[in-house]
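Remarks on the overall topology
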Amino acid sequence: MPAVDDLALLVRAAEKAGDIALQYSGPSARRWDKPDGQGPVTEADLAVNAMLEDRLPQSRPDYGWLSEESEDSATRLGKTRVFIIDPIDGTRSFAEGSRTWAHSLAVADQGEITAAVIYLPQRELMYTAARGAGAFCNGRPISVAPPQALAETKVLTAKPNLAPQHWLGGTAPDFLRSYRPSLAYRLARVADGGYGAMLTLRRSWEWDIAAGDLILREAGGQISDRLGATLRFNNATPLLDGVIAATPDAHPALLQALDPQGPGIAGH
């Protein structure tokens, strides 16, 4: 199936996901804490996931399925193409009534993302990409920020990533730190040039990163794990060893400043 056809399918599904999620008021939606410290889930997450798990596999019955809110199955490992879905990325933000949560939908083909959507319905932002066709926000082409010194680069990252043990010489380089709770939204903001980089040294679930991986690359950025390795998706354990996503000048600068013997951040 051509990537552009998969993208059209994902866009329609994301729009429907937004319609469903907006029927709930985040602070009043029923909420549970998942086991093993994996964070909260709300009735909105489950309603969106149920719709997506019904609609998308019906349209592509030969594709595998990986979603944060579905029980995982090893059958996806035998599939050439796989849906990788986060029904609501930034569930805590959703539950608090914030607008910075997103639907993150992607298709991986032999480990590489080929179609991707990040949709923030409350901000009316629809980021899209198909492999080889560029990246867009609300239908307009987007690209990463122009080159600038790392000290002047706005980097989306949480404070624990600045701890001395992660950096050569025991000190993080100078940059302008900001934070957004949704990993998908962080990746989108680097892709649209609003920020120069995003960095997480924590092990990250594939569904948080998959859509942003393609959108960032199609916007002219570079993305890798915390050690510089190319990201591959649909792994048996769907966790990535951190993420560095940035402009072509900021990515190597951050990678070179990180201590490759650093411990990373436990958990996910």
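Residues numbered from 1 in each chain as written. Predicted model: local features only at pLDDT ≥ 70, side-chain atom pairs only at ≥ 80, totals over all residues. Heavy atoms only, no water.

Some remarks on the pattern of salt bridges
- One pass over the structure, following the stated rule, counts eight salt bridges.
- Across the pair Glu-112 and Arg-131 runs a salt bridge, and its minimum N-O distance is 3.3 Å. Here the residue Glu-112 occupies a position in strand 6 (residues 112-120), and Arg-131 occupies one in the loop between strand 7 (125-130) and strand 8 (135-137), the gap between them amounting to 19 residues.
- Note on Glu-112: relative accessible area 27%, which makes it partly exposed.
- Its salt-bridge partner being Arg-189, residue Asp-192 comes within 3.0 Å of it at the nearest N-O pair.
- Through salt bridges with shared partners, a single network forms among Glu-112, Arg-131, Asp-213 and Arg-217. (Salt bridge = Lys/Arg side-chain N within 4 Å of Asp/Glu carboxyl O. Helix = DSSP H or I, 4+ residues; strand = E, 2+ residues; numbered from the N terminus. Buried < 20%, exposed > 50% of the residue type's maximum accessible area, 1.4 Å probe, protein only.)

Details of the sheet that holds strand 9 (residues 140-141)
- Across the sheet, seven strands lie side by side as 3-4-5-6-7-8-9; this open sheet has mixed pairing. If you trace the sheet from one side to the other, it starts and ends with strand 3 (64-67) and strand 9, each paired once.
- One ladder, built from two bridges, connects strand 8 with strand 9; its direction is antiparallel. Of the residues in strand 9, the one forming a bridge with Phe-136 is Pro-141. (Pairing = 2+ DSSP bridges.)

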